[in-house]
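One-letter residues, chain by chain:
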Amino acid sequence: MKMKIENYIAQLLYRYQCVTVPGFGAFITEIQSAQVNEYTQSFYPPKKKIAFNLFLKNNDGLLANHVSVSEKINYDDALHLIENQVAAWKENLHKLGSVTLKNIGEITLNENGTYVFSPSNTVNYLTTSFGLSTYIA
């Protein structure tokens, strides 16, 4: 079965502050207030900033349960699909040096073997900012 775990992670980022990918790490959101750049006369709406924590790897059940319900499969099968995806990501990190998670960001491997996360700025996961975009005066 071919599926994109990052789609489910993205769906959960709208509703939760932390989405843990068992055995891989957690994507954590923090609300950032609206910003004004006086130099460029730009207004940026409030948004959820995404960070990655490599050390939060324990399964909290959130992602696996969401995959289970969405795919209409049992919880253990969902967990197995996540484990397979994590193995593929780790393999890509070590072979190619990076993994891109659509609408979430890119994880690269630095010279020390540590994961470095660069968030994507294409999606605003803060639902209260829905429909708001950057405005230039």
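Higher on the page you've got the structure.
Scope of this entry: the structure provided in the associated data block. (Residues numbered from 1 in each chain as written. Predicted model: local features only at pLDDT ≥ 70, side-chain atom pairs only at ≥ 80, totals over all residues. Heavy atoms only, no water.)

**Looking at the pattern of salt bridges**
Here is step 1 of the chain: Overall, the coordinates contain one salt bridge when judged by the stated rule.
Here is step 2 of the chain: Here lysine 95 and glutamate 91 are joined by a salt bridge, their closest N and O atoms 2.8 Å apart. Taken together, the residues span about one helical turn, with lysine 95 and glutamate 91 both in helix H3 (residues 75-96) at a distance of four residues. (Salt bridge = Lys/Arg side-chain N within 4 Å of Asp/Glu carboxyl O. Helix = DSSP H or I, 4+ residues; strand = E, 2+ residues; numbered from the N terminus.)

**As for the sheet that holds strand S1 (residues 18-21)**
Here is step 1 of the chain: Taken in spatial order, the three strands line up as S1-S2-S5 in an open sheet, and their pairing is antiparallel. The sheet terminates laterally at S1 and strand S5 (47-53), the two strands that pair on one side only. Averaged over all neighbouring strand pairs, the angle between strand axes comes to 20 degrees, with direction disregarded.
Here is step 2 of the chain: Of the pairings in the sheet, the one linking S1 to strand S2 (residues 25-32) comprises four bridges and is antiparallel in character. If you follow cysteine 18 over to S2, its bridge partner there is isoleucine 28. (Pairing = 2+ DSSP bridges. Axes fitted to C-alpha atoms, helices over the stretch in contact; angles between N-to-C directions.)

**Concerning the packing of helix H1 (residues 5-15) against helix H2 (residues 62-71)**
Here is step 1 of the chain: One can describe the packing of H1 onto H2 by two numbers: an axis separation of 10 Å at closest approach and a directional angle of 110 degrees. Relative to H2, the element H1 is oriented roughly perpendicular. For the element pair H1 and H2, the recorded crossing hand is right-handed. Taken together, the residues of H2 that come into contact with H1 (itself represented by Ile5, Tyr8, Ile9, Gln11, Leu12 and Arg15) are Leu62, Leu63, His66, Val67, Ser70 and Glu71.
Here is step 2 of the chain: Looking at side-chain class alone, the contact of H1 with H2 contains seven nonpolar, three polar and two charged residues. (Parallel < 35°, antiparallel > 145°, perpendicular 65-115°, else oblique. Left-handed = near helix turned anticlockwise from the far one by under 90°. Contact = heavy atoms within 4.5 Å. Nonpolar A, V, L, I, M, F, W, Y, C, P; charged D, E, K, R; others polar.)

**Remarks on the environment of isoleucine 28**
Here is step 1 of the chain: Inspection of the secondary structure assignment puts isoleucine 28 in strand S2.
Here is step 2 of the chain: A sequence separation of 24 residues divides isoleucine 28 from phenylalanine 52, and the C-alpha atoms of the two residues are 6.0 Å apart.
Here is step 3 of the chain: Apart from the residues within four sequence positions on either side, isoleucine 28 is in contact with Gln17, Cys18, Lys49, Ile50, Ala51, Asn53 and Leu56.

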